Amino acid sequence: MNDPLKHKLFTIYGQILHKEVLMKAWKSVKANKGCAGIDKVSIKKFTEHEDEYIDELLTELKNKTYKPSPVKRVYIKKKNGKLRPLGIPTIKDRIVQQAIVMRVQGFFEKNVFHPNSCGFRPGMGTQNAIFKVANRLNDGFKYIYDFDIKGFFDNIPHKKLMKVLNKYIADGTVLDIIWKSLKAGYMEDSIRYETSKGTVQGGVISPLCANIYLNELDWELYKARIETVRYADDSLALCRTKEDLDRAIRVVHRVLDELGLELSEEKTYVIDFDKDDFDYLGFTFGHWRLNKNGERYFTYSPSKSSIKKFKSDIKAKTCKSFSHSFEEWVSILNPILRGKFNYLLIPHKILRDCRIFAAKAGKVFRGKATFRPNSLDGYVRGRLRVNFANRGKKSARIKDGSMLHVKYGIDFFVSTLGLFTGGLELFSWCHKDITPEEYVFALRERKSKSNSNSKLTPEQWAKRKEFWKNAYAK
């Protein structure tokens, strides 16, 4: 493992023994929402008596009588249909963990973490990881070791984790709280179970502990001159040559063995980007190809599973049996669509920065963002038309929804209702001051120049907006 730091974190515990610190931690926990723990104290109930609860918690911490409670075990479905166990700590335990995280996060960001670690860090995320991958592929890193750690969060050895934490934290009381949190166990069907390894998936401090633990691997690969990108336990080692690839594989196996972790063989791949595509963090990177001018390029776009997830989530929100007004549909769907397209449009978001990054190195960025959101926009509109067709009927079919294509066209959804669309979001990056009416006009022009409607000017489309607004009862 890496050498210990000369300067460690001292007196963390004393810094959290203040009501304002605990209140700030509580506000963060409250903003993240979540369910009640085994004590059945919900966010709402805690809010009603927050001063009393915070004072009680502060007294426990000052008297050193605070003891973490077991977490409540719940399960969520994974993509493969299997169940992922989650642990829900009590709100009191979440506040203590959040207070610790607030006091130590800055130190680890400044002194410990490798810049190629992108997950669960302030100011870092999927966009940073995709940016790094795209630029390294463009720079000639064509051999990729895509490795996944088997049950990472569930299999971190407690003693080895504490050994790593001891390198950076010299406050014994805080280390004791973390140790007791790891050993608190979980409750399921009113029975308490011990935990011999693993961190709580759902615990506030778990992502930080996970990053600290795998930081060991980040720096060992760096010492071996291997480029990496890591988001939590989802990691890539990118190499220029097969010799570098072999060295990366050896380092990964050696360090994970030291950390007491095991690779998931069925999710670990060796990729030659000259001929192999690969998926990472919900995006597909298409291997190097030649265009009609004989120039090399690669593609990157949301993966098929990401598109499928988008459609399944929208389908669940737009059941034809739901009855909402037009305004209610917009208020329900817009936050969801904004969040989903914010993710799916990452390849386009980073395109300009990738070109600038390559130009500084005297190169041309050869990656192409191939995702076009118009088809998903059409899917959302189609789902809503079926819902509209079902009003006053026992059942409506997709065909019934398609019959409303003229009555509820693109201009109705975009201009009149203000439904969020990925196409308009993408279009506005190139044309900052574009209005919804101008976007619809441009879309129709592009779709069919022979269509008589497409010859309408933006001003004429603005007049039509009034028609759509008043033509049909809501």
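In this report, we go over the structure that sits alongside the text. These figures come from a predicted structure and were not determined experimentally.

### Some points on helix α12 (residues 304-317)
For α12, which comprises 14 residues, the first-to-last C-alpha distance of 20 Å matches the rise-based estimate of 20 Å (1.5 Å per residue) to within 8%. Among all positions in α12, only Ser306, Ile307, Phe310 and Ile314 are buried. The buried residues of α12 occupy one face: seen down the axis, they fall within an arc of 100°. More than 90 degrees from the buried face of α12, the exposed residues found are Lys304 and Lys308. On its buried face, α12 sits against β11 (296-302), α13 (326-344) and α16 (374-389).

### Describing unusual backbone geometry
Across the chain, the bulk of peptide bonds are trans and the bulk of non-glycine residues have phi less than zero. Phi at Lys33 is positive, roughly 60°, even though this residue is not glycine. As for its placement among the helices and strands, Lys33 is situated in the loop between α2 (19-31) and α3 (43-48). Positive phi, normally seen in glycine, also occurs at Arg225, with a value near 60°. Relative to the helices and strands, Arg225 is located in the loop between α10 (206-223) and β6 (227-231). A residue is classified by how much of its surface remains accessible, and Arg225, at 65% relative accessible area, is exposed.

### Details of the packing of helix α8 (residues 158-166) against helix α9 (residues 172-182)
Between α8 and α9, the shortest axis-to-axis distance is 11 Å and the interhelical angle comes to 160°. Of the possible angle classes, the one that applies to α8 and α9 is roughly antiparallel. Like other packed secondary-structure pairs, α8 and α9 cross with a definite hand, here right-handed. Where α8 abuts α9, its residues His158, Lys159, Leu161, Met162, Leu165 and Asn166 lie against Leu175, Ile178, Trp179 and Leu182. Classifying every residue of the contact of α8 with α9 by side-chain character gives 7 nonpolar, 2 polar and 1 charged.

### Structural notes on the sheet that holds β6
With respect to topology, 4 strands assemble into an open sheet ordered β6-β7-β3-β8, the strand pairing being antiparallel. Either end of the sheet is taken by a strand with one partner, and the two such strands are β6 and β8 (269-272). On average, adjacent strands in this sheet sit at an angle of 20° to one another, irrespective of strand direction. Sheet analysis places strand β3 (residues 143-148) next to β8, joined by 4 bridges and oriented antiparallel. Across the sheet, residue Tyr145 finds its bridge partner in β8, namely Val270. Lying on the sheet, helix α6 (residues 126-138) is in contact with β3, β6 and β7 (234-239); it crosses β6 at an angle near 155°. On the sheet, helix α11 (residues 242-258) packs against β3, β7 and β8 and is oriented at approximately 15° with respect to β3.

### Looking at the packing of α12 against α13
Where α12 contacts α13, the two axes come as close as 11 Å, and the packing angle between them is 175°. Taken together, α12 and α13 sit at an angle that is classed as roughly antiparallel. Mapping the contact onto sequence places Ser306, Phe310, Asp313, Ile314 and Lys317 in α12 and Trp329, Leu333, Ile336, Leu337, Lys340, Phe341, Tyr343 and Leu344 in α13. Looking at the contact of α12 with α13 residue by residue, the classes come out as 9 nonpolar, 1 polar and 3 charged.

### Here's the deal with the pattern of salt bridges
Enumeration over the complete set of coordinates arrives at 20 salt bridges. The partner of Glu109 in a salt bridge is Arg121, with the nearest N and O atoms 2.8 Å apart. Of this pair, Glu109 sits in helix α5 (residues 91-111) while Arg121 sits in the loop between α5 and α6, and the two are 12 residues apart along the sequence. Residue class for Glu109 comes out partly exposed when judged on its relative accessible area of 23%. The class of Arg121 is buried, set by a relative accessible area of 10%. As a salt-bridge pair, Asp313 and Lys340 come within 2.7 Å of each other at their nearest N and O atoms. Separated by 27 residues along the polypeptide, Asp313 in helix α12 and Lys340 in helix α13 bring together distant segments of the chain.

### So, the packing of aromatic side chains
The geometry of an aromatic ring pair is captured by two quantities: the separation of the ring centres and the angle between the planes. By the definition in use, this model includes 31 aromatic pairs. Seen in terms of ring centroids, Phe46 and Tyr53 are 4.6 Å apart; in terms of plane orientation they differ by 15°. Their pairing is stacked. Judged by its relative accessible area of 22%, Tyr53 falls in the partly exposed class. Taken together through their ring pairs, the aromatic side chains of Phe273, Phe278, Phe285, Trp288, Phe298, Tyr300 and Phe365 make up a single cluster. The ring of Tyr186 carries Arg73 above its face, with NZ or CZ at 3.7 Å from the centroid. The ring of Phe141 has Arg240 sitting right over it, with the charged end atom 4.2 Å from the ring centre.

Parameters and conventions
- For every chain, the first residue of the written sequence is number 1, and numbering continues from 1 along that sequence.
- Selection of residues for local features in this predicted model requires a pLDDT of at least 70, selection of side-chain atom pairs for listing and counting requires 80 or more, and totals for whole chains, interfaces and linings are taken over all residues.
- Only heavy atoms go into the side-chain values, all of them from the structure, while hydrogens and water stay out.
- Runs of H or I in DSSP of at least four residues are treated as helices and runs of E of at least two as strands, each being numbered from the N terminus.
- An expected span of 1.5 Å times one less than the residue number is assigned to each helix.
- Burial status follows relative accessibility: with a 1.4 Å probe on protein chains alone, a residue under 20% of its type maximum counts as buried, one over 50% as exposed, and anything between as partly exposed.
- Comment: arc refers to directions from the helix axis out to C-beta atoms.
- Throughout, a residue-residue contact means that at least one pair of heavy atoms, one from each residue, lies within 4.5 Å.
- With axes taken as lines fitted to C-alpha atoms, and helix axes fitted only over the stretch in contact, angles between N-to-C directions fall between 0 and 180 degrees.
- Here the word oblique covers every angle except those under 35 degrees (roughly parallel), over 145 (roughly antiparallel) and from 65 to 115 (roughly perpendicular).
- A crossing counts as left-handed when the near helix is turned anticlockwise from the far one by less than a right angle, and as right-handed when that turn is clockwise.
- Under the grouping applied here, Gly and all other residues not named as nonpolar or charged are polar, the nonpolar ones being Ala, Val, Leu, Ile, Met, Phe, Trp, Tyr, Cys and Pro and the charged ones Asp, Glu, Lys and Arg.
- In this scheme, strands are said to pair when DSSP sees at least two bridges between them.
- Salt bridge, as used here: a side-chain nitrogen of Lys or Arg that lies within 4 Å of a carboxyl oxygen of Asp or Glu.
- For Phe, Tyr and Trp, where Trp contributes only its six-membered ring, two rings pair if their centres lie within 6.5 Å, and the inter-plane angle classes them as stacked under 30 degrees, edge-to-face over 60, or tilted in between.
- We call a charge positioned over a ring when the NZ of a Lys or the CZ of an Arg lies within 6 Å of the ring centre and within 35 degrees of the ring normal.

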